[in-house]
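Overview (structure and organization)
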Amino acid sequence: MFGKLSASIFFIVFAAVGPAVGQTSSGDLLPFATFDQASEAVLNDPHDLVIGPDNRIYVADKFANRIAIMDKETLKLVDSFGESDLASPHDVDFDARGRVIVADTGNDRVAIFELRGGKAQLVESLSDGIFRPEGAVAHPNGRIYATGSGTGNIVAYENGKLIAQATGLSGAHDVEVDREGNLWVADTFNQRVVKFSPDLQELQSLNDPVYGWLGPRYLDIDKAGRLVVADQDAHRILLIEKDGTLVGVIGDGLPGVGPNKFDDPEGVDIWGPAYYFADSDNNRIVRYLLVTN
Ligand SMILES: [Ca+2]
Ligand SMILES: [Ca+2]
């Protein structure tokens, strides 16, 4: 009897304080992932990041004017490229051909590199219609989309030509593609996250005060269509269900270093149960793991 009671009490206590996705009865949002590992502070204001076809992490290492390459398991810096071509790059992606797509912000262009034999070669630049691009993504439809933070727009390039744009996106940052082929954009100064069709028709806007946006910057979308968004100015990272329900938050709103603390978080990439974040002003990458119970 006592044993059963103790077990029940333990279960209730654990259920109350243990990690879980969702909200407590008081309505406080809990972290959706637990801190696993941090890199050394070997980067210089890292922005968005992506895991490449070779399973390494590619980071737009802004003030180092390079793409840094890190080991996905150890988070150690293993290589870099672009130092002679890039100026404060903010975003990096891969296209279906394995080329690296970089938002080369300080040069007002999207820079495209081919990687061959351990060397990166700049092979193409796209600059029509954008000033200070801070987001760039390769779409499975073959187009490259980029945001212009200075022009407040998103543009679509097909075969190197500008074919569509949407405006009114003040200080736009990341653009990523979801499983349905739609595009999610961090519309930073309008304090919202917006979904566009591949032809750049606005489909959905996440602007409810519940998100507490101060300046959403970079994001990723998981297989279930859930968004993970870094709100740099709030020092928080949010998990949002496909229907817009806010279900978890990491970070308490104040800058810091350590588990569940960030200083100006920017980049987000999801890899299975792991979340990789650029903890920008701490000059490092951190890994969190999905809370499963
Ligand atoms: Ca990106
Ligand atoms: Ca991203």
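Further remarks concern the overall build of the protein chain. Secondary structure assignment for the protein chain yields one helix and 24 strands. Taking 293 residues into account, the globule formula puts the C-alpha radius of gyration at 19 Å, and the protein chain, at 19 Å, falls close to it. In terms of overall dimensions, the protein chain has C-alpha extents of about 75 × 40 × 30 Å along its principal axes. The buried share of the protein chain, taken over its 293 residues, is 42%. Considering only residue pairs separated by 6 or more positions, the protein chain has 43% of its internal contacts joining residues 24 or more positions apart.

Taken in spatial order, the four strands of this open sheet run β18-β19-β20-β21, and their pairing is antiparallel. Each of the sheet's edge strands pairs with one partner strand only, and the pair in question is β18 (216-221) and β21 (246-250). Looking at each pair of strands side by side, their axes are set apart by 20 degrees on average, direction ignored. Judged from the five bridges that link them, β18 and strand β19 (residues 227-231) form a sheet pairing that is antiparallel. Counterpart to Tyr-218 in the pairing with β19 is Ala-230.

This part covers the pairing of strand β12 (residues 153-158). Looking along a regular strand, one sees the side chains alternate between the two faces of the sheet. Of all six residues making up β12, five are buried, and the element is well covered by its neighbours. Of the pairings in the sheet, the one linking strand β11 (residues 144-148) to β12 comprises five bridges and is antiparallel in character. The residue bridging Tyr-145 from the neighbouring strand is Ala-156, located in β12. Sheet topology note: the β12/strand β13 (residues 161-167) ladder contains six bridges and is antiparallel. In the sheet register, Tyr-157 faces β13, and the bridge partner there is Leu-162. Hairpin connection, β12 to β13: the antiparallel pair is bridged by two residues, and Asn-159 has positive phi, about 50 degrees.

Attention now moves to the sheet that holds strand β24 (residues 284-290). Taken in spatial order, the four strands of this open sheet run β1-β24-β23-β22, and their pairing is antiparallel. Only two strands of the sheet have a single partner each, and these edge strands are β1 (33-38) and β22 (265-271). Ignoring strand direction, the axes of neighbouring strands in this sheet form an average angle of 25 degrees. The pairing of strand β23 (residues 274-279) with β24 spans six bridges and is classified as antiparallel.

On to the environment of Ile-69, then. Along the polypeptide, Ile-69 turns up in strand β4 (residues 66-71). Overall, the presence of 19 C-beta atoms within 10 Å leaves Ile-69 in the partly exposed class. Setting aside anything within four residues of it in sequence, one finds Ile-69 in contact with Arg-56, Ile-57, Tyr-58, Val-78, Asp-79 and Ser-80.

Another aspect to go through is unusual backbone geometry. The residue Leu-75 is not glycine, and still its phi comes out positive at about 60 degrees. For Leu-75, a count of 19 C-beta atoms within 10 Å gives the class partly exposed.

Okay, the nonpolar core next. Grouped together as the largest cluster of nonpolar side chains are 73 residues, with contacts concentrated most on Leu-49, Val-59, Val-102, Val-110, Val-185, Leu-219 and Val-229. With residues up to four places along the chain from it excluded, the contact list for Val-59 reads Leu-43, Pro-46, Leu-49, Ile-67, Ala-68, Met-70, Gly-267, Ala-278 and Ile-285.

So, on to the confidence of the model for the protein chain. For the protein chain, per-residue confidence averages 92 on the pLDDT scale, and residues scoring 70 or more make up 90% of the total. Counting contacts from residues 1-27, a segment whose pLDDT is below 50, to residues more than four positions away or on other chains yields 19 contacts.

Within the fold, Gln-201 resides in the loop between β16 (192-196) and β17 (202-206). In this structure the C-alpha to C-alpha distance between Gln-201 and Ile-130, which are 71 residues apart in sequence, comes to 18 Å.

With that settled, the discussion passes to the environment of Leu-254. Here Leu-254 shows up in the loop between β21 and β22. Residue classification places Leu-254 among the exposed residues on the basis of 11 C-beta atoms within 10 Å. A C-alpha to C-alpha distance of 13 Å links Leu-254 and Asp-279, two positions 25 residues apart in sequence.

Rules and cut-offs
Residues numbered from 1 in each chain as written. Chains lettered and ligands numbered in written order. Predicted model: local features only at pLDDT ≥ 70, side-chain atom pairs only at ≥ 80, totals over all residues. Helix = DSSP H or I, 4+ residues; strand = E, 2+ residues; numbered from the N terminus. Rg over C-alpha atoms; globule rule 2.2 N^0.38 Å. Buried ≥ 20, exposed ≤ 12 C-beta atoms within 10 Å, placed from the backbone. Contact = placed C-beta atoms within 7 Å. Pairing = 2+ DSSP bridges. Axes fitted to C-alpha atoms, helices over the stretch in contact; angles between N-to-C directions. Core = buried A, V, L, I, M, F, W, Y, C linked by C-beta atoms within 7 Å. pLDDT = per-residue confidence, 0-100.

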